[in-house]
Amino acid sequence: PGIAQNECLRELDLSENKINRNGGDAIGRALTFNRKLEVLKLNRNEFGLRGGNAMASALTQNKTLKKLFMRNTVLLEQGVNRLVDGLRTSQSLEELDLGSNSLWNGVATISSVLKDKTKLKRLNLD
């Protein structure tokens, strides 16, 4: 049934699978429908801005994802900013790892959302 309709999977590690922006987009869209996944590891893929946008949309709609790992996913600053927009309305995310992405000014954007975000317990940016 794929990620969107899977009723059993609680944790999924897709790290280092050469997932590009199209794959990131597909994963993000699937997450908007998934109601069981709690941990998603997407480290060392090349999501870019398009994948970041899709993941941001998923965060606004998914109510079960607690941990998201996106280290070194080539999000760049725009993708990180979009992800932070999704984080603002996330109802479940407790841990987010965005380390090894090109954040520069994105750190300030992330810091601003932390004031309002009460669910997030752990954030890694190194």
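Just so you know, the residues in each chain are numbered from 1, in the order the chain's sequence is written. Thresholds applied to this predicted model are a pLDDT of at least 70 for local features of residues and 80 or more for the giving and counting of side-chain atom pairs; totals over whole chains, interfaces and linings are not thresholded and use all residues. Water and hydrogen atoms were dropped before computing side-chain values, which therefore reflect all heavy atoms in the structure.

A. Seen up close, the environment of I110. Strands are runs of DSSP state E lasting at least 2 residues, helices are runs of H or I lasting at least 4, and numbering of each runs from the N terminus. Structurally, the position occupied by I110 is in helix α5 (residues 106-114). A relative accessible area of 1% means that I110 is categorised as buried. Expressed as a C-alpha distance, the spacing of I110 and D85, which sit 25 residues apart in the sequence, is 9.1 Å. The classification of residues rests on relative accessible area computed with a 1.4 Å probe and restricted to protein chains. Under 20% of the type maximum is buried, over 50% is exposed, and intermediate values are partly exposed.

B. Just the packing of helix α3 (residues 48-61) against helix α4 (residues 76-89), in detail. Axis separation between α3 and α4 bottoms out at 7 Å; the angle between their running directions is 5 degrees. Regarding the angle of α3 to α4, the classification is roughly parallel. For the pair formed by α3 and α4, the contact residues are L49, G52, N53, M55, A56, S57, L59 and T60 on the first element and Q78, G79, R82, L83, G86, L87 and T89 on the second. The convention used is that axes are lines fitted to C-alpha atoms, helices contributing only their stretch in contact, and that angles between N-to-C directions extend from 0 to 180 degrees. Any angle that is under 35 degrees is reported as roughly parallel, and any over 145 degrees as roughly antiparallel; angles of 65 to 115 degrees are reported as roughly perpendicular and all others as oblique. It only takes one pair of heavy atoms within 4.5 Å for two residues to be counted as in contact.

C. Region of the structure containing the packing of aromatic side chains. Aromatic pairs are defined between Phe, Tyr and Trp rings, using the six-membered ring for Trp, whenever the two ring centres lie within 6.5 Å; interplanar angles under 30 degrees are classed as stacked, those over 60 as edge-to-face, and all others as tilted. Overall, the coordinates contain 0 aromatic pairs when judged by the stated rule. Against the face of F69 rests K41, its NZ or CZ located 5.8 Å from the ring centre. Throughout this description, the term charge over a ring refers to an Arg CZ or Lys NZ atom that lies within 6 Å of the ring centre and within 35 degrees of the ring normal.

D. Structural view of the sheet that holds strand β3 (residues 67-69). DSSP bridges decide pairing: two strands pair if at least two such bridges lie between them. In space, the 5 strands of this open sheet follow the order β1-β2-β3-β4-β5, with parallel pairing throughout. In the strand order of this sheet, the two ends are held by β1 (11-13) and β5 (122-124), each with one partner. Sheet twist, expressed as the mean angle between neighbouring strand axes with direction ignored, is 0 degrees. In the sheet, β3 pairs with strand β4 (residues 95-97) via 3 bridges, with the strands oriented parallel. Opposite K67, over in β4, you have E95 as the bridge partner.

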